[in-house]
Amino acid sequence: MIQEVMQSLVKLIRGALLPFTISEEDLKQYGGWELKSELSGPWLAHVVKTVRLSYESLTALEIPNDMLQSIQDLILDLRVRCVIVTLQHTAEEVKRLADKEDWVVDNEGLTSLPSHFEQCVLQSLQSLKGVLECKPAEASIFQHQRTQDDVCLLCINIIQAFISTLEYLSTKPDGEVDTKQLIGIHSLLSEGLMGLFFCLGM
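- By the naming in an unreviewed UniProt entry, the protein is Exocyst complex component 2, taken from Staurois parvus.
- According to the UniProt record, the Sequence similarities (unreviewed entry) comment for the protein reads "Belongs to the SEC5 family."
- Per UniProt, the protein has the following entry under Subunit (unreviewed entry): "Component of the exocyst complex."

Okay, here's the thing in structure tokens:
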């Protein structure tokens, strides 16, 4: 009876948040959420936390580990999805950074864009801290090569989004651009990319 309830719980959550991970037959019974907007990274992180608490409660009841495997698999898939969605949203945020550029150059010859970019990446990494951490009996989300490749590609997309933002700002026809602004653009590229690589290496 407990196992049937757990299986229903897992399929309901997969049907709502991970419909691509269940069979067509189960999708007909547990799906139907496709018209709803996709949850953001922070919401998915909250879902991971909630499912983890449920798993801990079931573990305290001394239920055999093999019966809990489906919930462990669900947690892993939710963690991976959370990372993917968060990095996708980060790339979208970086694309919109051009709207925040005010062209006010500081004493180091930089505008505020590198700082906005760094903060965007740092906030993304900070929101994933708990998701990336492995709880007892949990596996690393990077155990599969496909996940490693997907995350690597998304990180590259973030860098490319920042480069595209710089290229757009450097060619934007807003009248004449003085020398200080041109120096600022060059500094944005070097400092911004160095900042991202440093953050991703943490």
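### Examining the state of the cysteines
Logical step 1: The full count for this structure, using the stated rule, is 0 disulfides.
Logical step 2: In this structure Cys 155 is a free cysteine whose sulfur lies 6.7 Å from that of Cys 152, the closest cysteine sulfur available.
Logical step 3: Cys 155 sits in the buried class, given a relative accessible area of 15%.

### Digging into helix α1 (residues 2-17)
Structurally, the α-helix is built with 3.6 residues per turn, so residues lying three or four positions apart point the same way.
Logical step 1: The first and last C-alpha atoms of α1 sit 23 Å apart over 16 residues, in line with the 22 Å expected at 1.5 Å per residue.
Logical step 2: Residues of α1 that are buried: Met 6, Val 10, Ile 13, Arg 14 and Gly 15.
Logical step 3: Buried residues in α1 make contact with α2 (24-30), α3 (41-60) and α4 (65-95).

### Examining unusual backbone geometry
Of all residues except glycine, most have a negative phi; of all peptide bonds, most are trans.
Logical step 1: Phi at Glu 62 takes a positive value of approximately 60°, unusual for a residue other than glycine.
Logical step 2: In this structure, Glu 62 sits in the loop between α3 and α4.
Logical step 3: Phi at Ala 137 is positive, roughly 75°, even though this residue is not glycine.
Logical step 4: As for its position among the elements, Ala 137 is in the loop between α6 (129-132) and α7 (145-171).

### What about the packing of aromatic side chains?
Logical step 1: According to the stated counting rule, one finds 1 aromatic pair in the structure shown.
Logical step 2: Their ring planes at 10° and their centres at 3.9 Å tell us that Phe 117 and Phe 162 sit as a pair that is stacked. A residue pair is termed long-range when its members are at least 10 positions apart, and Phe 117 in helix α5 (residues 113-127) and Phe 162 in helix α7 qualify at 45 residues.

### A few points about the side chain of Gln 72
Logical step 1: Within the secondary structure, Gln 72 is located in helix α4.
Logical step 2: For Gln 72, the side chain forms a polar contact with the side chain of Tyr 55, separated by 2.5 Å.
Logical step 3: For Gln 72, the residues in contact, after removing those within four places along its chain, are Tyr 55 and Ala 137.

### What to know about the pattern of salt bridges
Logical step 1: On inspection of all chains with the given rule, the structure shows 4 salt bridges.
Logical step 2: Residue Arg 14 pairs with Asp 77 through a salt bridge whose shortest N-O separation is 2.9 Å. Here the residue Arg 14 occupies a position in helix α1, and Asp 77 occupies one in helix α4, the gap between them amounting to 63 residues.
Logical step 3: Given a relative accessible area of 10%, Arg 14 falls into the buried group.
Logical step 4: Here Glu 138 makes a salt bridge to Arg 52, at a shortest N to O gap of 2.8 Å.

### Thoughts on the nonpolar core
Logical step 1: Counting residues in hydrophobic clusters, the biggest one holds 28 residues, and the most contacted among them are Val 83, Leu 87, Val 94 and Phe 117.
Logical step 2: Of all elements in the fold, only α3, α4, α5 and α7 reach the threshold of two or more residues within this core.
Logical step 3: Tallying contributions element by element places α4 first for this core, with 9 residues.
Logical step 4: Every residue in contact with Val 94, bar those within four places of it in the chain, is listed here: Phe 117, Cys 120, Ile 158, Ala 161, Phe 162 and Thr 165.
Logical step 5: The next biggest cluster of nonpolar side chains, apart from the first, holds 15 residues, and it includes Leu 18, Leu 58, Leu 68 and Ile 75.

### With respect to the packing of α3 against α4
Logical step 1: Orientation of α3 relative to α4, taken along the N-to-C sense of each, is 165°, at an axis distance of 9 Å. Taken together, the axes of α3 and α4 are roughly antiparallel relative to one another. In this structure, α3 meets α4 at a crossing whose hand is left-handed. Between α3 and α4, the residues in contact are Gly 41, Leu 44, Ala 45, Val 47, Val 48, Val 51, Arg 52, Tyr 55, Leu 58 and Thr 59 and Leu 68, Ile 71, Gln 72, Leu 74, Ile 75, Leu 78, Arg 79, Arg 81, Cys 82, Val 85, Thr 86 and His 89, respectively.
Logical step 2: Considered class by class, the residues forming the contact of α3 with α4 number 14 nonpolar, 5 polar and 3 charged.

Basis of the calculations
Residues numbered from 1 in each chain as written. Predicted model: local features only at pLDDT ≥ 70, side-chain atom pairs only at ≥ 80, totals over all residues. Heavy atoms only, no water. UniProt positions renumbered as here; feature names shortened; annotations may be inferred. Disulfide = S-S within 2.5 Å. Buried < 20%, exposed > 50% of the residue type's maximum accessible area, 1.4 Å probe, protein only. Helix = DSSP H or I, 4+ residues; strand = E, 2+ residues; numbered from the N terminus. Expected span 1.5 Å × (residues − 1). Contact = heavy atoms within 4.5 Å. Phe/Tyr/Trp six-rings, centres within 6.5 Å; stacked < 30°, edge-to-face > 60°. Polar contact = N/O pair within 3.5 Å; in protein donor to acceptor, adjacent residues only side chain to side chain. Salt bridge = Lys/Arg side-chain N within 4 Å of Asp/Glu carboxyl O. Core = buried A, V, L, I, M, F, W, Y, C linked by side-chain atoms within 4.5 Å. Axes fitted to C-alpha atoms, helices over the stretch in contact; angles between N-to-C directions. Parallel < 35°, antiparallel > 145°, perpendicular 65-115°, else oblique. Left-handed = near helix turned anticlockwise from the far one by under 90°. Nonpolar A, V, L, I, M, F, W, Y, C, P; charged D, E, K, R; others polar.

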